[in-house]
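Structural overview for review
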Amino acid sequence: MTLFLDHNKYYRLPWSLPDNAISWLEVTKACNMYCEGCYRGNNPKGHKPLDEIKHDLEIFRRFRKTDGISMAGGDPLVHPDVVEIVHLIAQNGLKPIINTNGFALNKELLQELKKAGAAGFTLHVDSKQGRPHWKGKTEIELNQLRLYFAEMLAEVGGLSCAFNSTVYGDTLQSVPDIVEWGQKHIEIVHVLVFIAFRAAVLEKHFDYYAGGEKMDMSPIVYSTPEEDQRLDILSNDIVEVIRTRYPNFEPCAYLNGTEKANSFKWLLTGRIGTKKNIYGYVGPKFMELAQISHHFRNGRYLAYTKPSVQRHAKPMLLLAPLDKGIWEIAKNYLRSIGTNPLNLFKRLHLQSITIIQPGDILCDGTLSMCDGCPDITVWNDQLVWSCRLEEQIKFGCFMRPVPKRGVQNLPHELRSDPSHEL
Ligand code: SF4
């Protein structure tokens, strides 16, 4: 039985196609590592020239308000002009966020990137990467590597530090260990992101069509000949497993699916506390205030809060009359001061935990994507989902899955709910 979460209790993020917090800029198709959950084919000669990158930024400027630019690929750090690209994005008044596996990162490069205007890093670390010296390590063992990166960023300072991990059927149970590790390093780790693994199964329920033509999906990196692992992990499952360690864990905001109002494609949680105590979870009004006030002041929604704000969470408690979550946090914090007055002098930190449930194929072949997708990228001067870019590259359009046996032949329990995910 899937954990029930009521989307009506949470704040629906106001992000949309033309006005979003984030956009996704692919600067290279080259990568120095293999990751099982990657959506992009590796091409060592796939660096985008600077002129093309400038053009992509111009397309974003034309079509979409955005606060942060997630530099992605491939691995952006292997692009020979990565520092210049960061500078270019920052010059355009946007926050450059570097999405990387961190393998090519060192202190010198980090300092150069910061000087060029980098706002932060999202470091992809998980146990299904072909990472030299770390192969076969568990998610718990990998916390040591996460700490290495977090400390490197903290030493340079002023950079947002986020970690993302793809969640597989056999690593789902490790999520609470990463969340607990995040708490122990709450002063230097600002965001944790968990992404449920997805792939298109070739020989199961669907044929795949480009227009009226049936296509072979096997060259697409995110296709798999058969379902050898779970492809149906929901955001709800990830919340459920986190609650085994943090029973009060409570999200505050979400993006729904394009086909399902009550699915959680992006599910955001903010917790406030110290290394030792989590005092509680911010509520929907807090997130609404953060997004709306940022948009009012800057004309765009907020992406990646500055570390200097996240480490000064105490003044946020003044919002207690407006937000139930903050009210609870304030109460718990005051109680803790009653027990130990020294807590009054401890710094409170805000840490975000985001859960992403990428595209789902519904039983009638419809794809439910993230409504208000933040990871939209540019392809042929158009805005497209970055998670399905390979289809555009290989077939010139997005594939349409068609049920092999027709919806009427599906098992009854699926037919009775045409929006049921297979
Ligand atoms: S639709 Fe795809 S690219 Fe967009 S946020 Fe969801 S998973 Fe990412």
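Remember, predicted model here, so these are calculated numbers, not experimental data. (Residues numbered from 1 in each chain as written. Predicted model: local features only at pLDDT ≥ 70, side-chain atom pairs only at ≥ 80, totals over all residues. Heavy atoms only, no water.)

**Description of the pairing of strand β2 (residues 22–26)**
Selection rule: Remark: exposure states derive from per-residue accessible area (1.4 Å probe, protein chains only) relative to the maximum for the residue type, with buried under 20%, exposed over 50%, and partly exposed in between. Secondary structure counts use DSSP, requiring at least four H or I residues in a row for a helix and at least two E residues in a row for a strand, with both numbered from the N terminus. We treat two strands as partners when DSSP finds at least two bridges between them.
Along β2, 5 of the 5 residues are buried, which leaves the element largely enclosed by surrounding structure. Both faces of β2 are covered, namely the face carrying I22, W24 and E26 and the face carrying S23 and L25. Pairing analysis gives 5 bridges linking β2 to strand β3 (residues 68–72), with the strands arranged parallel. Bridging from a neighbouring strand, W24 pairs with S70 of β3.

**Thoughts on empty space enclosed by the protein**
We count it as follows: Cavity and pocket criteria rest on a 1 Å grid covering protein atoms alone: a 1.4 Å probe that fits but cannot get out defines a cavity, protein on both sides within 12 Å along at least 5 of 7 lines defines an open pocket, and an atom within 4 Å of a point defines a lining residue. Grid points are joined across faces, edges and corners, and a volume is the space filled by probe spheres set on the points. Put simply, Ala, Val, Leu, Ile, Met, Phe, Trp, Tyr, Cys and Pro go in the nonpolar bin, Asp, Glu, Lys and Arg in the charged bin, and everything else, Gly too, in the polar bin.
Scanning all chains against the criterion turns up 2 cavities of 30 Å³ or more. Estimated volume of the largest cavity: approximately 30 Å³. Every residue along the wall of the largest cavity is listed here: E139, S165, T166, V167, T171, S174, V175 and I178. Among the secondary structure elements, those contributing two or more residues to the lining of the largest cavity are β6 (160–167) and α5 (175–184). Each residue belonging to the lining of the largest cavity can be placed in one class, and the counts come to 3 nonpolar, 4 polar and 1 charged. By volume, the second largest cavity amounts to about 30 Å³. Along the walls of the second largest cavity sit D126, S127, Q129, R131, W134, K135, G136 and L142, which together make up its complete lining.

**Focus: the nonpolar core**
Using the following cut-off: Take the buried Ala, Val, Leu, Ile, Met, Phe, Trp, Tyr and Cys residues and link them wherever side-chain atoms come within 4.5 Å; each set so joined is a nonpolar core. Two residues qualify as a contact provided that any one of their heavy atoms is within 4.5 Å of a heavy atom in the partner residue.
Core analysis: the biggest nonpolar cluster contains 101 residues, and L105, L113, F121, F163, F194, I238 and I272 have the highest contact counts within it. Sort the elements by how many residues they give to this core and helix α4 (residues 139–156) lands first, with 7 residues. Once residues lying within four places of it in the same chain are set aside, the contact partners of F194 are S165, V167, V175, I178, V179, I238, I353, T354, I355 and I356. F206, A210, I220 and M399 belong to the second-largest nonpolar core, a separate cluster that totals 11 residues.

**Describing the side chain of N164**
Mapped onto the elements, N164 comes out in strand β6. Setting aside chain neighbours within four positions, we find N164 in contact with T122, L123, H124, V125, V193 and I195.

**Comments concerning a nonpolar patch on the surface**
The following threshold applies: Patch definition: residues with relative accessible area over 30% and no salt bridge; like charges joined within 9 Å; nonpolar side chains (Val, Leu, Ile, Met, Phe, Trp, Tyr) joined within 5 Å. Calculation of accessible area relied on Shrake-Rupley with a 1.4 Å probe; when residues are assessed, cover is drawn exclusively from the protein chains displayed. Here, a salt bridge means any Lys or Arg side-chain nitrogen found within 4 Å of an Asp or Glu carboxyl oxygen.
On the surface, a cluster of nonpolar side chains totalling about 360 Å² of accessible area is made up of L342, L344 and F345. You can see L342 is positioned in the loop between α9 (324–339) and β15 (349–356).

**Topic: unusual backbone geometry**
Positive phi values are uncommon outside glycine, yet H133 reaches one of about 70°. Locating H133 in the fold gives a position in the loop between β5 (120–124) and α4. Despite not being glycine, Y304 shows a phi value in the positive range, around 50°.

**Description of the environment of V384**
Secondary-structure assignment places V384 in strand β19 (residues 382–385). Residues V384 and G158 lie 226 residues apart in sequence; the distance between their C-alpha atoms is 32 Å. Those residues within four positions of V384 in sequence are excluded, and the remaining contacts are D375, I376, T377, W379, L389, Q392 and F398.

**What to know about the site of the ligand**
Selection rule: A molecule or strand has a residue near it when one of that residue's heavy atoms lies within 4 Å.
Every residue close to the ligand is listed here: W266, P358, M369, C370, C373, P374, D375, W385, S386 and C387. Of the residues contributing to the shell around the ligand, the split by class is 8 nonpolar, 1 polar and 1 charged.

**As for the packing of aromatic side chains**
Inclusion rule: Only Phe, Tyr and Trp rings take part, Trp by its six-membered ring, and two of them pair if their centres are within 6.5 Å. Stacked means planes under 30 degrees apart, edge-to-face means over 60, and tilted covers everything else.
Throughout the structure, instances matching the rule amount to 10 aromatic pairs. Taking 5.4 Å as the distance between ring centres and 70° as the angle between the ring planes, the aromatic pair formed by Y279 and Y333 counts as edge-to-face. In this pair, Y279 is assigned in strand β14 (residues 278–281) and Y333 in helix α9, connecting sequence segments 54 residues apart. The same class applies to Y279 as to Y333, namely buried. Here the aromatic rings of W385 and F398 are separated by 4.9 Å at their centres, their planes lie at 45°, and the arrangement is tilted. Of this pair, W385 sits in strand β19 while F398 sits in the loop between α10 (389–395) and β20 (400–403), placing them 13 residues apart in sequence. On the basis of relative accessible area, W385 is assigned to the partly exposed category, the value being 25%. A connected cluster of aromatic rings, assembled from ring pairs, spans Y10, Y254 and F264.

Function cannot be inferred from these measures alone, as they are strictly geometric.
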